[in-house]
Amino acid sequence: MKKLSARQQLHLEKSVLLLVLMLPLARIIFDYFQDSLGANPVEAMTHRTGDAALQILLLSLAVSPIQRYFRFRRAILFRRLLGLTAFFYGLLHFSIYLVFDQELSFGDTFADVAKRPYITMGFSSLVIMLPLAITSTDKMIKRLGGPKWRRLHKAVYAAAVLAVIHYWWLVKANITIPAIYGGCLALLFASRMIRQTRNLSRKNY
Amino acid sequence: MLKYLKCRDVPHSSLRMHKALMEGTMLIKIIDPTAAREHEVTPQALYLDRRRLMASTARSMIAAGATGISGLMSSMAFAAKAYEKVPKGSPFDTNEALTPLKDVTSYNNFYEFGTDKGDPKINSGSLKPRPWKITVDGEVEKPTSFDIDDFIKTKKLEERIYRLRCVEAWSMVIPWIGFPLADVIKAARPNSKAKFVAFTTLLDPAQMPGQKSKILDWPYTEGLRLDEASHPLAFLAVGLYGDTLPNQSGAPLRLVVPWKYGFKSIKSIVKITFTSTQPKTTWNVMGPDEYGFYSNVNPNVDHPRWSQGKERRIGELFKRKTMMFNGYDQVASLYTGLDLKKNF
Ligand code: HEM
């Protein structure tokens, strides 16, 4: 077999990753047609898209630690895809809410966003992700310039924090799962801080 | 006309006996299961219930003179619905479409068996609803305790088709079997100090594995004002869809207060206590500004997490408007002079 060029290989890997990342969506569609989304399909879809958005978002934040701890330097090449997929699921999650909970009434939606604290958090998280998604193209990176772009994209941490608060505030009594996500996020922060202090002490920041 | 149904499609409680007789997924021959019934019932009242379908199937098989071991076995297994002969057609019934049995029994908030809605169905097998003791005590002339079956025997059972509105903004329509709570109150003869009725769920982490984690302050407790509890709508259920209560629905005895949010309708009751002061209720202790003692269904008072103006009827995609007192206006007089915004 002919050996793939580096570019072709990356393209292939990204396609495979995209397919994997679309599995939660494929499962929702499959289960919908199998009538196995349960008694409350809208709730099931909301939960599954929300879970996917948060998990993939956290995975995108884990890229640099993965690079360092697993010496998997190429991981960075997949970060944009992860971030955009997280945004895609967030958008899907919001659209389900907009259509089935608010029946496309933007007035009701904004009233709800203003009124219910956990919705405020989720919405803020998505709003923060929007400019990051828009500025994710090569062209935009060039236009903004590296340092500025990187500063902007630090906001992804804020989006993740808000999403975890969103989850924390929506559960009634059992906070186990949001606490696990919160723990993951704390680890990611810790890893970032460790690196920064190391870099500072090496004076090559 | 011949149809084949898989035994596996039948809810397991009615299958138990059947399974004991023959294993697994054997096919049963069925002679036109629905045709005989369709003209007898309005489509709206038609139970979307496989068990009933199977029961009528068994009957029509016998009527058709079907013989042989398979016919005999199915009639033995499926004719046994505990409360099939209980009178139907209460004046309190709603004529809205019933929520399918499958949804009623697979989508439950019963934290004693886990916090996911699917958990109670999966985890409630460890609950043993027989033998079961019920204690009635407190401010009454004669505190007593009963065995559940003796308790039920003294009551006139009836069916009530009620709306159930959960605080999480979803709702169902369920045909309950049971008796008015007022019957229990009358029999207990509360004294002049009795102002409230408190209810307690079983406390037994071996039977209720969810109680092993301190998610709520176990045992679950609920309460009503004595006049609320005496209202003819307040109901104690021992069954649904013509059969014994499934464990996940609060076997063997649960409260049904259709004008209040679902969490007031406490499940698997072991104790009914008459008190002079307002009893502690689980969710109210957990979040006093979220869950009031009254917790009447009220579209005008929003919960911080769920807007209460609308609800999703299970089986529907879009939401419908929520009605004051869940549509049970006859209870309004219980609350004259009470600020329902403050006393939510
Ligand atoms: C655009 C604004 C958003 C709205 C209106 C919204 C709305 C909701 C709603 C209604 C629920 C279900 C609550 C319930 O069942 O009681 C939910 C759950 C959830 N949302 Fe959001 N959300 C938003 C944004 C986000 C974002 C950006 C993320 C993640 C990055 C996210 C992650 C989650 C998660 C993880 C859950 C819980 C899923 C589960 O219980 O399994 N949401 N959201």
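Residues numbered from 1 in each chain as written. Chains lettered and ligands numbered in written order. Predicted model: local features only at pLDDT ≥ 70, side-chain atom pairs only at ≥ 80, totals over all residues. Heavy atoms only, no water.

In this assembly, 26 residues from chain B lie in contact with 20 residues from chain A. Taking both partners together, chain B and chain A bury about 2,000 Å²; carbon and sulfur atoms supply 50% of that area. Viewed at the interface, chain A and chain B are joined by five salt bridges. The interface formed by chain B and chain A holds eight residue pairs in polar contact (both at pLDDT 80 or more) in total. Breaking the side of chain B that touches chain A down by element, the ones donating at least two residues are helix H10 (282-286) and strand S13 (310-313) of chain B. Tallied by class, the residues present in the side of chain B that touches chain A amount to 14 nonpolar, four polar and eight charged. (Contact = heavy atoms within 4.5 Å. Buried area = accessible area lost by both parts, 1.4 Å probe. Salt bridge = Lys/Arg side-chain N within 4 Å of Asp/Glu carboxyl O. Polar contact = N/O pair within 3.5 Å; in protein donor to acceptor, adjacent residues only side chain to side chain. Helix = DSSP H or I, 4+ residues; strand = E, 2+ residues; numbered from the N terminus. Nonpolar A, V, L, I, M, F, W, Y, C, P; charged D, E, K, R; others polar.)

A few words on the site of the ligand. Close to the ligand lie 21 residues, the nearest being His47, Asp51, His93, Phe94 and His166 of chain A. Surrounding the ligand are residues belonging to chains A and B, so the site spans chains. In the environment of the ligand, an oxygen atom lies 2.6 Å from a nitrogen or oxygen atom belonging to the side chain of histidine 47 of chain A. Here an oxygen atom of the ligand sits 3.5 Å away from a polar atom, N or O, in the side chain of tyrosine 167 of chain A. Listed by contribution, the elements that provide at least two residues to the shell around the ligand are helix H3 (41-61), helix H5 (79-101), helix H7 (117-134) and helix H10 (155-170) of chain A. Take the shell around the ligand: its biggest share by element is seven residues, from H7 of chain A. (Near = heavy atom within 4 Å.)

Residues and elements named next belong to chain A. Across the interface, helix H1 (residues 6-21) lies against H5 with an axial gap of 11 Å and an inter-helix angle of 25°. Viewed along their axes, H1 and H5 adopt a mutual orientation that is roughly parallel. The way H1 lies across H5 gives a crossing that is right-handed. Each of Lys14, Leu17, Leu18 and Leu21 in H1 lies in contact with H5, whose residues at this interface are Leu81, Leu82, Thr85 and Tyr89. Here the contact of H1 with H5 is built from residues that sort into six nonpolar, one polar and one charged. (Axes fitted to C-alpha atoms, helices over the stretch in contact; angles between N-to-C directions. Parallel < 35°, antiparallel > 145°, perpendicular 65-115°, else oblique. Left-handed = near helix turned anticlockwise from the far one by under 90°.)

A separate point is the nonpolar core. Residues Trp176, Leu181, Trp259 and Phe274 of chain B are the most contacted members of the largest nonpolar core, which totals 85 residues. Here this core gets seven residues from one element, more than from any other, and that element is strand S6 (residues 170-180) of chain B. With sequence-adjacent residues up to four places away left out, leucine 181 of chain B is seen in contact with Phe199, Leu224, Ala229, Ala234, Phe235, Leu236 and Leu255 of chain B. Residues Leu21, Leu58, Ala62 and Leu188 of chain A belong to the second largest nonpolar core, which totals 32 residues. (Core = buried A, V, L, I, M, F, W, Y, C linked by side-chain atoms within 4.5 Å. Buried < 20%, exposed > 50% of the residue type's maximum accessible area, 1.4 Å probe, protein only.)

Further remarks concern the packing of H3 of chain A against helix H11 (residues 176-201) of chain A. Packed helix pairs are characterised by how far apart their axes lie and by the angle those axes make with each other. Residue and element names in this part refer to chain A. Where H3 meets H11, the axes come as close as 10 Å, and the angle between the chain directions of the two elements is 15°. Regarding the angle of H3 to H11, the classification is roughly parallel. Both H3 and H11 take part in a crossing whose hand is left-handed. Note on element contacts: H11 touches H3 through Tyr181, Cys184, Leu185 and Leu188, opposite Asp51, Leu54, Gln55, Leu58 and Leu61. For the contact of H3 with H11, the per-class residue count stands at seven nonpolar, one polar and one charged.

All names here are of chain A. Looking only at helix H6 (residues 106-115), the buried set comprises Thr109, Asp112 and Val113. Buried residues in H6, looked at end-on, bunch into an arc of 100°, giving them a common side. Looking at H6, the residues exposed on the side facing more than 90 degrees away from the buried face are Gly107, Ala114 and Lys115. Packing partners of the buried residues in H6 comprise H5 and H7. (Arc of directions from axis to C-beta.)

All names here are of chain B. The strand order S4-S3-S12-S7-S8 describes an open sheet built from five strands, whose pairing is mixed. The open sheet has two free edges, formed respectively by strand S4 (144-147) and strand S8 (221-225), since each of these has just one partner strand. Strand-to-strand twist across the sheet, computed as the mean angle between neighbouring axes with direction ignored, equals 15°. As defined by bridge partners, strand S3 (residues 133-138) adjoins S4 across four bridges and the pair is classed as antiparallel. Along S4, the bridge assignment pairs lysine 133 with aspartate 147. Sitting on the sheet, helix H8 (residues 181-188) is in contact with S3, strand S7 (196-201), S8 and strand S12 (269-275), with an inclination near 60° to S12. (Pairing = 2+ DSSP bridges.)

In this section: the pattern of salt bridges. Residues and elements named next belong to chain B. Scanning all chains against the criterion turns up 29 salt bridges over all chains. Where lysine 271 meets aspartate 137, a salt bridge forms, and the shortest distance between an N and an O atom there is 3.9 Å. Note that lysine 271 is positioned in strand S12 and aspartate 137 in strand S3, a separation of 134 residues in sequence. Between arginine 313 and glutamate 311 there is a salt bridge, with its nearest N and O atoms 3.8 Å apart. Classification of arginine 313 by relative accessible area gives buried; the value is 5%.

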